[in-house]
There are 2 protein chains.
Amino acid sequence: MTTANPQNTEQATVQLAHGSGGSMMQSLIRDIFVQAFGNIQLEDAASISLAGSGANRADTQISLSTDSYVVQPLFFPGGDIGRIAVCGTVNDVATSGAQPVCLSVSFILEEGLPLADLKRIVASMANTAKEAGVTIVTGDTKVVGKGQADGIFINTTGVGQLPAGRTPLLARAILAGDLILLSGSLGDHGMCIMSQREELSFAADLSTDAAPLNHMIADVLAAAPDTRCFRDPTRGGLASTLNELADAAKVRMTIEERSVPVKPAVQGACEMLGYDVFQVANEGKMVAIVPHEQVEAALAAMKASPYGKDATIIGKIEPLSDEEKCEHSLLNQENFKVQLRNAFGATRVMDTLVGEQLPRIC
Amino acid sequence: MTTANPQNTEQATVQLAHGSGGSMMQSLIRDIFVQAFGNIQLEDAASISLAGSGANRADTQISLSTDSYVVQPLFFPGGDIGRIAVCGTVNDVATSGAQPVCLSVSFILEEGLPLADLKRIVASMANTAKEAGVTIVTGDTKVVGKGQADGIFINTTGVGQLPAGRTPLLARAILAGDLILLSGSLGDHGMCIMSQREELSFAADLSTDAAPLNHMIADVLAAAPDTRCFRDPTRGGLASTLNELADAAKVRMTIEERSVPVKPAVQGACEMLGYDVFQVANEGKMVAIVPHEQVEAALAAMKASPYGKDATIIGKIEPLSDEEKCEHSLLNQENFKVQLRNAFGATRVMDTLVGEQLPRIC
């Protein structure tokens, strides 16, 4: 697998790896989207300030997040594309510290999709929106011919409102000494999908973790108001999420491997199929970076949530050496920002996913 | 072509006509989406009130609109899928009376799409956003395998803010006696696309009208503050737009055929290919319903815009008879709500598009 920039030739084309949440997607974003859309924000949700009017009226801070969902198969144990489409966007909006308020939904339907499947997906979206406490307020439907899409693609875009006085949570607020919390076991969603595709015999033990985590985030913020930021480890898994955070905050992280919960069936599927569980997508897990003095309160709040009962502290933020702080040095040491320490104290690099791992996982 | 409800059987599947903006799409929306998403709003943009906090703080009213764009071909005279994706959503947000503020953008890319095409589309989106005065603040990219999509699909979702003191413009505000304005010629976008697909010899004379109309709408509202509502006649054309408005407001409309501008090349293409220009999609035109006493001011404001110099008054809102006001009667007379009067004074029904006319027009 190559890390060369394949977008720098005239004949270059989009590859599956451009959508996998790893380093190729990052360079596509940097080289094409950031360059054209100068004001695009690279957090999971963008923060926008709407001007108040008249005297005594403060600005209103909103958060906006969008995702298109192309997961295949459409239905799987514990969920379906509709549940993922609501959870993923609700969670992204919530990571900014905003309370998700409403969603738009846009369908691209392939001619020939059974209407019964569409109804089942739409019902699942309605139920999940209710679970999250958000309203689906507007929508759009497009139809393309047979063979021009694959069943159904769904875009959801979410709007959240920041409570008065809260500034948006940003990765760059992370400080050395902060602790890293994970709300539960890794790899459930990704290995559930892969086991369906590969028709694994133990697929029955694997189920998506897809869940709306906005209420859990609100509870953590109430208990630990100085929480630096949240991030849901979806495409590219925990490894890509932590590397993105480390890049943004210019810090080093150490993760204790034995502290990271992984279910036996997930571990088994990863070994059988050759996946690194740290690079596998999750749809119902949240990473929180919390200052040391508030970590117990944050952990207790997570554990009190039905979606966070297996929450643990998985690692901490390390200070950079003076040498590492030098920008030139940073550029050459991108691979050293997140370390994984095993039970025997040995460390290895937890690297961002490079190529394609699990296409169409969400 | 049948008007029977094909979604009412277990074996029913999605058909191209479900996406064409006509009556089959309306029944899909009614039977599936409205039923599941009880709070979905059927205007082009949804209006959401965000609660103010503290004393003296008013609610902030935002508008939210989403569309996925699947137009084929990706590039055509006067525009491309990127320009359409920005204009369409900006225009939908603006129809509510809101000032569009920002957009999210989400790409579904097919493996093998030339990156040069993606760059060209992204540059076009950036330029069009600048023309409209909106910021693209957040995005998402998914990649699907070769043959699982068709080049590129783009979702844009727009957020607008309503000026303080303005309530969202709604179709039900339309009253008998109001006049109907159209900002320019009909059918340019739809026949441009069809001429590309059919490789017509006179294709050179056809160009999309795609344009961001938010500034024109703001100017009309400043000049004619009691304007009832705006609507852009996209999929399904002017006929579907007017029928939707008439349904929502429970009014009858009469359109003067000779007042509706149609370019000769568009008229020729419609005749050659067998399309009704009133059912053909537009991407840079706006319908405004204006009270009689403000119509001259509204028309002057439209004509002063570079996108509205051919604006005209095309018809008026008629009162319903007492019989028509009876709900039972209305249900049976759906086809009689918009009348087209020709130069000789004869009238015919301007009907909503029923089946599929121009798939993947936007």
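The rules behind the values
- Residues numbered from 1 in each chain as written.
- Chains lettered and ligands numbered in written order.
- Predicted model: local features only at pLDDT ≥ 70, side-chain atom pairs only at ≥ 80, totals over all residues.
- Heavy atoms only, no water.
- Pairing = 2+ DSSP bridges.
- Helix = DSSP H or I, 4+ residues; strand = E, 2+ residues; numbered from the N terminus.
- Axes fitted to C-alpha atoms, helices over the stretch in contact; angles between N-to-C directions.
- Contact = heavy atoms within 4.5 Å.
- Buried area = accessible area lost by both parts, 1.4 Å probe.
- Salt bridge = Lys/Arg side-chain N within 4 Å of Asp/Glu carboxyl O.
- Polar contact = N/O pair within 3.5 Å; in protein donor to acceptor, adjacent residues only side chain to side chain.
- Nonpolar A, V, L, I, M, F, W, Y, C, P; charged D, E, K, R; others polar.
- Buried < 20%, exposed > 50% of the residue type's maximum accessible area, 1.4 Å probe, protein only.
- Parallel < 35°, antiparallel > 145°, perpendicular 65-115°, else oblique.
- Left-handed = near helix turned anticlockwise from the far one by under 90°.
- Arc of directions from axis to C-beta.
- Least-squares fit on C-alpha atoms with pLDDT ≥ 70 in both.
- pLDDT = per-residue confidence, 0-100.
- Phe/Tyr/Trp six-rings, centres within 6.5 Å; stacked < 30°, edge-to-face > 60°.
- Lys NZ or Arg CZ within 6 Å of the ring centre and 35° of its normal.

## Quick look at the sheet that holds strand E7 (residues 152-161) of chain A
All names here are of chain A.
Then, number 1: Spatially, E1-E2-E7-E5-E6 is the arrangement adopted by the 5 strands of the open sheet, whose pairing is mixed. Strand pairing shows two members of the sheet lacking a second neighbour, strand E1 (46-50) and strand E6 (135-144), which therefore form its edges. Each strand axis lies, on average, 20° off the axis of its neighbour in the sheet, ignoring direction.
Then, number 2: Where strand E2 (residues 60-69) lies against E7, 8 bridges are found, and the strand directions are antiparallel. When the bridges of E7 are listed, Leu64 appears paired with Val159.

## Focus on the interface of chain B and chain A
Then, number 1: At the junction of the two partners, chain B supplies 80 residues and chain A supplies 80 residues.
Then, number 2: Carbon and sulfur atoms make up 69% of the surface buried where chain B meets chain A, a total of about 6800 Å² over both sides.
Then, number 3: The interface formed by chain B and chain A contains 4 salt bridges.
Then, number 4: Its salt-bridge partner being Lys142 of chain A, residue Asp67 of chain B comes within 3.1 Å of it at the nearest N-O pair.
Then, number 5: The interface formed by chain B and chain A holds 29 residue pairs in polar contact (both at pLDDT 80 or more) in total.
Then, number 6: Sorting the residues of the side of chain B that touches chain A by element identifies helix H1 (23-36), strand E1 (46-50), strand E2 (60-69), strand E5 (99-110), helix H3 (115-132), strand E6 (135-144) and strand E7 (152-161) of chain B as the ones contributing at least two each.
Then, number 7: For the side of chain B that touches chain A, the class distribution of residues is 43 nonpolar, 26 polar and 11 charged.

## Some words on the side chain of Lys285 of chain A
Residue and element names in this part refer to chain A.
Then, number 1: You can see Lys285 is positioned in the loop between helix H7 (264-273) and strand E11 (287-290).
Then, number 2: Polar contacts involving the side chain of Lys285 include one to the main-chain carbonyl oxygen of Ser185, which spans 2.9 Å.
Then, number 3: At 2.9 Å, the side chain of Lys285 and the side chain of Asp209 are in polar contact.
Then, number 4: Those residues in contact with Lys285, other than ones at most four positions away along the chain, are Leu182, Ser183, Gly184, Ser185, Asp188, Asp209, Leu213, Asp232 and Pro233.

## Regarding the pairing of strand E10 (residues 252-256) of chain A
Residues and elements named next belong to chain A.
Then, number 1: Of all 5 residues that make up E10, 4 are buried, and the element is covered over most of its length.
Then, number 2: Pairing between E10 and strand E13 (residues 338-341): 4 bridges, direction parallel. Bridge pairing in E13 places Ile255 opposite Leu340.

## Looking at the packing of helix H2 (residues 81-95) of chain A against helix H3 (residues 115-132) of chain A
All names here are of chain A.
Then, number 1: Between H2 and H3, whose axes approach to 7 Å, the crossing angle comes to 30°. Viewed along their axes, H2 and H3 adopt a mutual orientation that is roughly parallel. Judged by the sense of rotation from one axis to the other, the crossing of H2 with H3 is right-handed. Between H2 and H3, the residues in contact are Ile81, Gly82, Arg83, Ala85, Val86, Cys87 and Val90 and Ile121, Ser124, Met125, Thr128, Ala129, Glu131 and Ala132, respectively.
Then, number 2: Per-class residue counts for the contact of H2 with H3 are 9 nonpolar, 3 polar and 2 charged.

## With respect to helix H8 (residues 295-304) of chain B
Residue and element names in this part refer to chain B.
Then, number 1: Residues of H8 that are buried include every one of Val295, Ala298, Leu299, Ala301 and Met302, and no others. The buried residues of H8 occupy an angular sector of 160° when the element is viewed end-on, so they sit on one face. Exposed side chains of H8 directed beyond 90 degrees from the buried face belong to Glu296 and Ala304.
Then, number 2: Structurally, H8 contributes buried residues whose contacts are with strand E8 (179-182), helix H5 (214-223), strand E11 (287-290) and strand E12 (312-318).

## Comments concerning the environment of Gln161 of chain A
Then, number 1: By the secondary structure assignment, Gln161 of chain A is in strand E7.
Then, number 2: A C-alpha to C-alpha distance of 9.6 Å links Gln161 of chain A and Ser96 of chain A, two positions 65 residues apart in sequence.
Then, number 3: If we ignore the near neighbours within four places in the chain, the residues touching Gln161 of chain A are Thr60, Gln61, Ile62, Ala98, Gln99 and Val101 of chain A together with Leu50 and Ala51 of chain B.
Then, number 4: At a separation of 3.1 Å, a polar atom in the side chain of Gln161 of chain A contacts the main-chain carbonyl oxygen of Ala51 of chain B.

## Structural notes on the pattern of salt bridges
All names here are of chain A.
Then, number 1: Under the definition given, this model contains 32 salt bridges over all chains.
Then, number 2: Between Arg30 and Asp31 there is a salt bridge; the shortest N-O distance is 3.9 Å.
Then, number 3: Between Arg360 and Asp150 there is a salt bridge; the shortest N-O distance is 2.7 Å. Separated by 210 residues along the polypeptide, Arg360 in the segment after strand E14 (347-349) and Asp150 in the loop between E6 and E7 bring together distant segments of the chain.

## Digging into the relation of the copies chain B and chain A
Then, number 1: Placing chain B over chain A gives an RMSD of 0.0 Å and needs a rotation angle of 180°, together with 0.0 Å of translation along the axis. In the structure described here, the two chain copies are related by an operation that fits a two-fold rotation axis. Using C-alpha coordinates, one finds that chain B approaches the rotation axis most closely at Ala149 of chain B, a distance of 2.0 Å.

## Topic: the confidence of the model for chain A
Then, number 1: Per-residue confidence for chain A averages 91 on the pLDDT scale, and 92% of its residues sit at or above 70.
Then, number 2: The low-confidence segment residues 1-5 of chain A, where pLDDT is below 50, has 6 contacts with residues more than four positions distant or belonging to other chains.

## Quick word on the packing of aromatic side chains
Then, number 1: The final tally for this structure, using the stated rule, is 5 aromatic pairs over all chains.
Then, number 2: Taken together, a centroid distance of 4.8 Å and an interplanar angle of 10° make the contact between Phe107 of chain A and Phe33 of chain B stacked. Of this pair, Phe107 of chain A sits in strand E5 (residues 99-110) while Phe33 of chain B sits in helix H1, on two different chains.
Then, number 3: For Phe107 of chain A, a relative accessible area of 1% translates into the label buried.
Then, number 4: By the ring-pair criterion, three or more aromatic residues cluster together here, those being Phe33 and Phe37 of chain A together with Phe107 of chain B.
Then, number 5: Sitting over the face of the ring of Tyr69 of chain B, Lys142 of chain A holds its NZ or CZ atom 5.5 Å from the ring centroid.

## Concerning the sheet that holds E7 of chain B
Residue and element names in this part refer to chain B.
Then, number 1: With mixed pairing, the 5 strands of this open sheet are ordered in space as E1-E2-E7-E5-E6. The open sheet has two edge strands with one neighbour each: E1 and E6. Strand-to-strand twist across the sheet, computed as the mean angle between neighbouring axes with direction ignored, equals 20°.

## Observations concerning the side chain of Asp67 of chain A
Then, number 1: Looking at where Asp67 of chain A falls in the secondary structure, it is placed in strand E2.
Then, number 2: Discounting residues that sit within four places of it in the chain, Asp67 of chain A has contacts with Thr89, Asp92, Ile154, Asn155, Thr156 and Arg235 of chain A together with Ser106, Asp140 and Lys142 of chain B.

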